Structures are given as structure tokens and as C-alpha cells.
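# Fold and geometry: a report
Here are the chains, one letter per residue:
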Amino acid sequence: MALHFLVDDVPLDAPVGAEIVITGAEAHHAAAVRRVRVGEEVTVGDGRGLWLEAVVTDVAPKRVVAAVTARTSHPAAAPRLVLVQALAKGDRDELAIQAATELGVDEIVPWQAARSVSRWDQAKAAKGVARWQTIVREAAKQAHRAWVPVVSAPVSTAQLAARAASRMLVLEPTASVPLSGVALAPDDARDLVLVVGPEGGIAPEELVALADAGATAARLGETVLRTSTAGPAALAVLNARLGRW
């Protein structure tokens, strides 16, 4: 598969036949690590739907020049898939968002759940969101995605409940309805919001608050998945049901 450049500091309005110049970390990685060569086909995107196909015409240690051969604009997904990921101990939440990005999530929302061992104060929240966005960006680049998911600000349970006006599905092992059995109207363009709890599960009072706000509880199979795998597994199910896979 062609090497993909994900850039946000290069004008990508060049017409077919024009050359674009890529510098900085992206160019260094391509030249020094991936050993890109003149004549090699590459792709270039801005993470917001624009997709260029190009052929490398010049390579330097921190500079890659490529001639555009085709350009495409990919529309944003509808409905959007949103993962509300509870903060978890270790790197389990980070593993979840990395895999979710590969599987097509459109937005990731950190959730300070009642049973979250990891706690983000105001200062740590800014660093946490920045780190998650870096993880998501790298995963989107690796997966050759035209759109890079957005990492939103952390939410409390009350703030999360306010978002239940969208189609919110709370992943809960004790739910009576499997995710594959939840009714999904094919013409409903509202966001599909998946809520994943921390390692200790979603607290009973949180389940009640979300249900009262209109969320639907759904289970994944007969086993209890870890917080690092529940979201990606659910996204795989939804991708199939939405006809994207």
C-alpha cells in the first residue's frame, strides 16, 4: 500500500499535475524511516476529507516533493460514530481509542466515570486530550483514513446524559438486548454514540441517569469484554449493520 502523508500545514489546493512540497516530521519520517523513493506513488490528506494521489519527484532528508495525479473529496460520515470512552487505568483507554480509530470512529469523548481509577484534573485534562489526539492522529494515518477523528473535552456523567438526545447505546453486560438486536433506522442521520465504562463497570446510578435521559443499554455477546476491547468490538458490529463493511 502507498505511503500516506497526513499534513495540516501544506496547501492542498494544487490541481492535478502541480507539485506539493512536504517538510517537517512527515517528510523526515518518509525519507529517513520509510525510505521513500523518486517515482513512488503516495497519498496525501488533510484529515478533513481531502485526498490526493501523487508521485514522488524529489526526496531530501527533510523535504519530499510530489506531483499530484488525482484528487478526491470524501464527505463526512453520516451517521457519525461517537465513542464515549471512560478513563481507565494503565493504557487500556489509549488502546481502545487507537483501535476505534482504525475501525472508523468519528469522535472520541473522554468520560470521567464514577469508577474510573484514572482521574483528570483541569491541568491533566488538557494534557490527556492532547495525548489522545496524537494517538488518534497516528492511528488515522496508519489506517489511511480521509477523516481524523476529533477528541472532545472530557465529560461528566451529567454532561454525558445531556447528549442522549442522539442515539446513545450504553454497552452493559447485563442488558437484555444484544447490540445486534438494537433497532437502527437506516435513514436516521443522528450520531450513534457508544458509551464504554471503565474496568470496574458503569455504576448503577450512572446507568439509571443515562437510561432516564433516553439511552439504550445493549450487551456484546455472553462474555464481559475489557474496556480496551468493548468499544472496538461494538464499532465492528455497527459498521456491518450500517453496510460499511
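It should be emphasised that the depicted structure is a prediction, and the values quoted were computed from it without experimental measurement.

At their nearest, the axes of helix α2 (residues 92-102) and helix α6 (residues 227-241) sit 7 Å apart, and the two run at 15° to each other. When the axes of α2 and α6 are compared, the pair comes out roughly parallel. Between α2 and α6 lies a crossing of right-handed hand. Only Thr 227, Ser 228, Pro 232 and Leu 235 of α6 make contact with α2, whose side of the interface consists of Arg 92, Leu 95, Ala 96, Ala 99 and Ala 100. Along the lines of polarity and charge, the residues of the contact of α2 with α6 split into six nonpolar, two polar and one charged.

Counting 31 residues, the largest nonpolar core has Trp 132, Leu 171, Leu 179, Leu 194 and Leu 238 as the members making the most contacts within it. Here the element with the most residues in this core is helix α3 (residues 122-142); it accounts for six residues. If sequence neighbours within four positions are ignored, Leu 179 has contacts with Leu 169, Ala 218, Arg 219, Leu 220, Ala 234, Val 237, Leu 238 and Arg 241.

Tracing the backbone through its elements, the reader meets Trp 245 in the segment after α6. Classification of Trp 245 by relative accessible area gives exposed; the value is 59%. Sequence-wise, Trp 245 and Ala 67 are 178 residues apart; in three dimensions their C-alpha atoms are separated by 32 Å. Leave out the neighbours within four places in its chain, and Trp 245 touches Leu 103, Ala 236, Asn 239 and Ala 240.

What follows deals with the domain arrangement of the chain. Each assigned domain of the chain is listed with its residue range as follows: domain 1 (3-73) and domain 2 (81-242). For domain 1 and domain 2, the distance between their C-alpha centres works out to 33 Å. If you look at the interface, domain 1 gives eleven residues, while domain 2 gives seven residues. Put simply, domain 1 and domain 2 have one salt bridge between them. For Glu 26, the salt bridge goes to Lys 141, with nearest N and O atoms at 2.8 Å. Across the contact surface, domain 1 and domain 2 share five residue pairs in polar contact (both at pLDDT 80 or more). Only β1 (3-6) and α1 (24-33) provide two or more residues apiece to the side of domain 1 that touches domain 2. Tallied by class, residues from the side of domain 1 that touches domain 2 come to three nonpolar, five polar and three charged.

This part covers the UniProt feature "domain: Ribosomal RNA small subunit methyltransferase E PUA-like" (unreviewed entry) in the chain. Listed under "domain: Ribosomal RNA small subunit methyltransferase E PUA-like" (unreviewed entry) in the UniProt record, and renumbered for this structure, are residues 22-66. Helix makes up 22% of residues 22-66 and strand 49%. Its end C-alpha atoms lie 8 Å apart.

By the element assignment, Glu 107 lies in strand β7 (residues 107-111). Looking at Glu 107, the relative accessible area reads 7%, which means it is buried. In terms of polar contacts, Glu 107 uses its side chain to reach the side chain of Arg 163, at 2.7 Å. For Glu 107, the contacting residues outside a window of four places in its chain are Arg 80, Leu 81, Val 82, Leu 83, Pro 149, Val 150, Ser 152 and Arg 163.

A few words now on the sheet that holds strand β10 (residues 192-196). Pairing within the open sheet is parallel, and its six strands lie in the order β8-β7-β6-β10-β9-β11. Pairing within the sheet leaves two strands with one partner each, and these edge strands are β8 (150-151) and β11 (216-218). Sheet topology note: the strand β9 (residues 167-171)/β11 ladder contains three bridges and is parallel. Its bridge partner being in β11, Leu 171 is matched across the sheet by Ala 218. Strands β6 (81-86) and β7 of the sheet are contacted by α2, whose axis makes an angle of about 170° with β6.

The rules behind each value
- Residues numbered from 1 in each chain as written.
- Predicted model: local features only at pLDDT ≥ 70, side-chain atom pairs only at ≥ 80, totals over all residues.
- Heavy atoms only, no water.
- Axes fitted to C-alpha atoms, helices over the stretch in contact; angles between N-to-C directions.
- Helix = DSSP H or I, 4+ residues; strand = E, 2+ residues; numbered from the N terminus.
- Parallel < 35°, antiparallel > 145°, perpendicular 65-115°, else oblique.
- Left-handed = near helix turned anticlockwise from the far one by under 90°.
- Contact = heavy atoms within 4.5 Å.
- Nonpolar A, V, L, I, M, F, W, Y, C, P; charged D, E, K, R; others polar.
- Core = buried A, V, L, I, M, F, W, Y, C linked by side-chain atoms within 4.5 Å.
- Buried < 20%, exposed > 50% of the residue type's maximum accessible area, 1.4 Å probe, protein only.
- Domains from an automatic or database assignment.
- Salt bridge = Lys/Arg side-chain N within 4 Å of Asp/Glu carboxyl O.
- Polar contact = N/O pair within 3.5 Å; in protein donor to acceptor, adjacent residues only side chain to side chain.
- UniProt positions renumbered as here; feature names shortened; annotations may be inferred.
- Pairing = 2+ DSSP bridges.

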